[in-house]
Amino acid sequence: MKSIAVFSIKGGVGKSATAVNLAHAAATTGGRRTLLWDLDSQGAATWLLQREPKPGQKARAALGGEDALPDLVLHTDFPNLDILPADRSLRRLEGDLAQSDKAKQLKKQLKTFTESYDRILIDCPPGLSELADRIFRAADLIVLPIIPSPLSERAATQLRQELERGGTTRPAVLPVWSMVDARRKLHRETVATHPDWPSIPYSTAVEQMAVHRAPVATFQPNSPAARAFARLWAQVEGALLR
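All of the points below concern the structure found in this document. (Residues numbered from 1 in each chain as written. Predicted model: local features only at pLDDT ≥ 70, side-chain atom pairs only at ≥ 80, totals over all residues. Heavy atoms only, no water.)

1. A word on the overall build of the protein chain
Phase 1: Broken down by element type, the protein chain carries 12 helices and 8 strands.
Phase 2: Rg of the C-alpha trace for the protein chain: 17 Å, near the compact-globule value of 18 Å for 242 residues, within the 12% margin.
Phase 3: A principal-axis box enclosing the C-alpha atoms of the protein chain has dimensions of 50 × 40 × 35 Å.
Phase 4: Counting all 242 residues of the protein chain, 50% fall into the buried class.
Phase 5: Intrachain contacts of the protein chain at a sequence separation of at least 6 include 75% that bridge at least 24 residues.
Phase 6: Carbon together with sulfur atoms contributes 50% to the accessible area of the protein chain, which is approximately 11,500 Å² in total.
Phase 7: Between the averaged position of the 32 positive side-chain charges in the protein chain and that of its 26 negative side-chain charges there is a distance of 3 Å. (Helix = DSSP H or I, 4+ residues; strand = E, 2+ residues; numbered from the N terminus. Rg over C-alpha atoms; globule rule 2.2 N^0.38 Å. Buried < 20%, exposed > 50% of the residue type's maximum accessible area, 1.4 Å probe, protein only. Contact = heavy atoms within 4.5 Å. Areas by Shrake-Rupley, 256 points an atom, 1.4 Å probe, with all protein chains shown as cover. Lys, Arg positive; Asp, Glu negative; His and termini not counted. Charge placed at Lys NZ, Arg CZ, Asp CG, Glu CD.)

2. Considering the pairing of strand 5 (residues 119-123)
Phase 1: With respect to burial, strand 5 is a largely interior element, 5 of its 5 residues being buried.
Phase 2: Neither face of strand 5 is exposed, since R119, L121 and D123 on one face and I120 and I122 on the opposite face are all buried.
Phase 3: With 5 bridges connecting them, strand 1 (residues 2-6) and strand 5 associate as parallel partners. Each residue of the ladder has a partner; that of K2, found in strand 5, is R119.
Phase 4: The pairing of strand 2 (residues 34-38) with strand 5 spans 5 bridges and is classified as parallel. Within strand 5, the position partnered with W37 by the bridge is I122. (Pairing = 2+ DSSP bridges.)

Structure, rendered in structure tokens:
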């Protein structure tokens, strides 16, 4: 089992859309038994896959060991793809973590899924935080969506510095150009600074995920965005198998 954290320094960069589309590609194209763990309290990934948390169950309590985390898992409409949904209780999770000295707790909880899944994708809340640090300790790879702008390199640099400060072995980082508009000169010039980074185009198909509440490949399988996410998943798999 390998875990992939989809992380961003700030919101609004297509993080949850990336997580959902990668999870769908892992489960369908890749044929992997896949769990999408929505750790963002906004619950965008959960909503996009048309699921809601079970009544009375709280992700925060399960992360604290009060409930069994696997009991919260829900099946989706797609073969091989399950989701561990987010709920509002996650908004108070940072306070719990600040008072806990169990830095490797999340990594241990991920191991409870080893027999059930081949790939776990984590939709992380944005920002460098205590939860982010725990996720970095647990993940095998970080996928970092970045919008092409003068601040893009700064975001990647901030993450690398944070990982270096950890003092222990940390996962590799795969930066991804997100919401790339080839009509804009700034985007073209910024992407050209790292042409080897994967690129996801700005696309109405991605915006329509909120209408269909489904991954792009299910309603526009031949769109540039769907093909880009498929290529990205192939690169993720390659990075995991190195």
